[in-house]
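# Topology and contacts: notes
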Amino acid sequence: MDYYKIGQKIRKIRKAHGLSQEELAERIGISTTHMSHIETGNTKLSLQVFCDLASALHVSADDLLF
């Protein structure tokens, strides 16, 4: 699994929704630092955080993975 590519997709969708990292992190209950690490691929996402991100961004898990 390429966490960098997933993070870049999350960033692209987040920006398309006009959200800052801080706003998205707050919506799903993680720190802004953790959100930054997800987007840069420096950390692995838990399944719960991955699902929360997809839900908060109104996309399917497939949209983030493929």
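Residues numbered from 1 in each chain as written. Predicted model: local features only at pLDDT ≥ 70, side-chain atom pairs only at ≥ 80, totals over all residues. Heavy atoms only, no water.

## With respect to the environment of Q21
Looking at where Q21 falls in the secondary structure, it is placed in helix α2 (residues 21-28). It is 15 Å that separates the C-alpha atoms of Q21 and I6, two residues lying 15 residues apart in sequence. Other than its neighbours up to four places away in sequence, Q21 contacts R11, R14, T32, M35, S36 and E39. Polar side-chain contacts of Q21 include one of 2.7 Å to the side chain of E39. (Helix = DSSP H or I, 4+ residues; strand = E, 2+ residues; numbered from the N terminus. Contact = heavy atoms within 4.5 Å. Polar contact = N/O pair within 3.5 Å; in protein donor to acceptor, adjacent residues only side chain to side chain.)

## As for a nonpolar patch on the surface
On the surface, M1, L65 and F66 cluster together to form a nonpolar patch covering roughly 400 Å² of accessible area. Looking at where L65 falls in the secondary structure, it is placed in helix α5 (residues 61-65). Owing to a relative accessible area of 33%, L65 belongs among the partly exposed residues under this scheme. (Patch = residues over 30% accessible without salt bridge, like charges linked within 9 Å, V, L, I, M, F, W, Y side chains within 5 Å. Areas by Shrake-Rupley, 256 points an atom, 1.4 Å probe, with all protein chains shown as cover. Salt bridge = Lys/Arg side-chain N within 4 Å of Asp/Glu carboxyl O. Buried < 20%, exposed > 50% of the residue type's maximum accessible area, 1.4 Å probe, protein only.)

By themselves, these figures tell us nothing about what the structure is for.
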